[in-house]
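Each chain is listed here by its residues.
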Amino acid sequence: MKLIRPGKKKTLALLVSFILLVITGFALKFPESFWAAPLVRWEKDFPLRGLVHRIAAAVLMGAAVYHAMYLIAMKSGRQWLRAMLPTVKDVRDSVETLGYNLGYRRRTPSYPKFNYAEKAEYWALVWGTLVMAATGIVLWAHNLMLEYYPKWVMDVATAIHYYEAILATLAIVVWHFYAVIFDPDVYPLKWTVLTGRAPAHEVREEETEPASAAVELAQASGVVPPASAPEPANSANVEAVDVPVAPTDKQCVN
Ligand code: HEM
């Protein structure tokens with residue numbers, strides 16, 4: 001399949017494993033619920049939810065380790081990581097964006113390659129994966145844990161795993177889904193995840209700093225209209241343009 005190129009496999013692994021972890025995790029916690037009961041009846045005595053949860057967890061942790069190796073071992077990975085580090089400008093950008101959203105400023109600030117919201121989401125994903133993996137491994141190795149540690153350690157790990165699961169699910173459904181689906185600027189989907197390309201109008205608005213050179217280049221070659229030209233009626237139809245935020249760059253959040 002053309003869509004599933006090497007750079008996309010990590011995204012796909014993250015997507016599928018996370019969905020399976022949410023479904024099986026909450027079906028383990030609430031087996032009597034109306035949506036989990038049919039699955040529980042169907043699996044009978046076979047521990048299907050637990051098995052699928054562990055396989056999906058292994059896939060998620062594998063993708064995380066692969067991503068960490070990419071960040072350490074590859075030059076592009078190290079550059080990517082540097083661009084993801086929070087800076088004082090991110091704090092300023094977030095305050096100025098709030099001012100713009102409240103109507104106190106006429107323009108949004110010019111964002112760096114990854115804006116403050118993208119960085120926050122990425123580091124939330126990193127933190128969430130570490131917490132879920134650490135507590136999940138404790139639950140997985142419960143026999144060993146109970147042999148060496150008091151029972152309250154297991155209880156604490158179970159509580160953290162459960163509440164972080166709720167937080168992670170809400171973060172994806174409310175925060176991430178808004179950014180990639182329900183935001184009127186990208187609805188019905190931020191196609192970058194499939195195409196690796198950003199629409200020109202989005203590049204002009206969102207990525208002013210590093211993308212301006214690419215947009216100028218695209219304008220010079222006639223791929224997109226010059227900035228002074230009137231916007232087409234439906235700016236979502238502006239032809240997509242490759243930008244330095246780069247095909248795989250933005251998608252390697254896994
Ligand atoms: C990242 C690696 C993860 C590992 C190693 C892991 C491992 C585990 C294990 C071993 C259990 C106990 C299963 C059983 O009782 O048979 C469990 C329970 C659970 N997991 Fe995970 N898990 C991970 C990620 C996730 C994620 C991402 C979610 C949801 C967003 C999640 C949600 C849950 C829930 C809701 C439970 C039930 C907790 C309870 O009984 O209070 N897990 N997990």
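A quick note: this is a predicted structure, and the numbers were derived from the prediction, not measured.

Caption draft 1: The arrangement of the overall build of the protein chain in detail. Of regular secondary structure, the protein chain possesses 11 helices and two strands. Ordered by position from the N terminus, the helices and strands of the protein chain form the series α-α-α-α-α-α-α-α-α-β-α-α-β. Per-residue burial over the protein chain gives 19% buried out of 254 residues. Across the protein chain, the fraction of contacts at a sequence separation of at least 24, relative to all contacts at a separation of at least 6, is 64%.

Caption draft 2: Here's a closer look at the site of the ligand. Around the ligand, a shell composed of 25 residues is seen, among which Gly25, Gly50, Ala57, Gly136 and Ala165 lie nearest. Breaking the shell around the ligand down by element, the ones donating at least two residues are α1 (6–29), α3 (48–73), α6 (116–140) and α8 (151–182). Here the shell around the ligand takes seven residues from α1, the largest share from any one element. When grouped by side-chain class, the residues that make up the shell around the ligand number 16 nonpolar, seven polar and two charged.

Caption draft 3: Looking closely at α8. A rise of 1.5 Å per residue sets the reference length of α8, with its 32 residues, at 46 Å; its end C-alpha atoms lie 44 Å apart and thus fit the reference within 8%. Listing the buried residues of α8 in full gives His161, Ala165 and Ala168.

Caption draft 4: Representation of the packing of α3 against helix α4 (residues 75–84). Close contact between α3 and α4 brings their axes to 5 Å; oriented N to C, the two are set at 95 degrees. The angle between α3 and α4 places the two elements in the roughly perpendicular class. Across the interface between the two elements, Tyr70, Leu71, Ile72 and Ala73 from α3 touch Gly77, Arg78, Trp80 and Leu81 from α4. Looking at the contact of α3 with α4 residue by residue, the classes come out as six nonpolar, one polar and one charged.

Caption draft 5: Highlighting unusual backbone geometry. Of note, the amide linkage connecting Tyr187 to Pro188 takes the cis form, showing an omega dihedral of 10 degrees. On the secondary structure map, Pro188 appears in the loop between α8 and α9 (192–195). The phi torsion at Lys44 lies on the positive side, around 50 degrees, for a residue other than glycine. For Lys44, the position within the fold is in the loop between α2 (37–43) and α3. Residue class for Lys44 comes out exposed when judged on the 7 C-beta atoms lying within 10 Å of it.

Caption draft 6: Structural detail: the packing of α6 against α8. Contact pair α6 / α8: the axes reach a minimum separation of 9 Å and the direction vectors enclose 150 degrees. The angle between the axes of α6 and α8 places the two elements in the roughly antiparallel class. The element α6 and its partner α8 pack so that their crossing is left-handed. Residues Glu121, Ala124, Gly128, Val131, Met132, Thr135, Gly136, Val138 and Leu139 of α6 pack against Met154, Ala157, Thr158, Ile160, His161, Glu164, Ala168, Ala171, Trp175 and His176 of α8.

Caption draft 7: The arrangement of the confidence of the model for the protein chain in detail. Of all residues in the protein chain, 75% attain a pLDDT of 70 or more, and the chain-wide mean is 82. Below a pLDDT of 50 lies the segment residues 210–254, which in the model reaches 71 contacts outside its immediate sequence neighbourhood of four places, other chains included.

Caption draft 8: Spatial organisation of the nonpolar core. Within the largest apolar cluster, eight residues are counted, these being Leu14, Phe18, Leu21, Ala56, Ala57, Leu60, Ala63 and Ala64. Within the residue set of this core, elements represented by two or more residues are α1 and α3. Counting residues per element, this core draws most heavily on α3, at five residues.

Caption draft 9: How the structure looks around the environment of Ser17. Summarising the element assignment, Ser17 is placed in helix α1. Between the C-alpha atom of Ser17 and that of Ala57, which follows or precedes it by 40 residues, the distance is 6.8 Å. Filtering out sequence-adjacent residues up to four positions away, Ser17 remains in contact with Ala56, Val59 and Leu60.

Caption draft 10: Expanded view of the environment of Val153. Secondary-structure assignment places Val153 in helix α8. On the basis of neighbour count, Val153 is assigned to the partly exposed category, with 13 C-beta atoms found within 10 Å. The sequence separation of Val153 and Val138 amounts to 15 residues, and the corresponding C-alpha distance is 8.9 Å.

What counts, and at which threshold
Residues numbered from 1 in each chain as written. Predicted model: local features only at pLDDT ≥ 70, side-chain atom pairs only at ≥ 80, totals over all residues. Helix = DSSP H or I, 4+ residues; strand = E, 2+ residues; numbered from the N terminus. Buried ≥ 20, exposed ≤ 12 C-beta atoms within 10 Å, placed from the backbone. Contact = placed C-beta atoms within 7 Å. Near = placed C-beta within 6 Å. Nonpolar A, V, L, I, M, F, W, Y, C, P; charged D, E, K, R; others polar. Expected span 1.5 Å × (residues − 1). Axes fitted to C-alpha atoms, helices over the stretch in contact; angles between N-to-C directions. Parallel < 35°, antiparallel > 145°, perpendicular 65-115°, else oblique. Left-handed = near helix turned anticlockwise from the far one by under 90°. pLDDT = per-residue confidence, 0-100. Core = buried A, V, L, I, M, F, W, Y, C linked by C-beta atoms within 7 Å.

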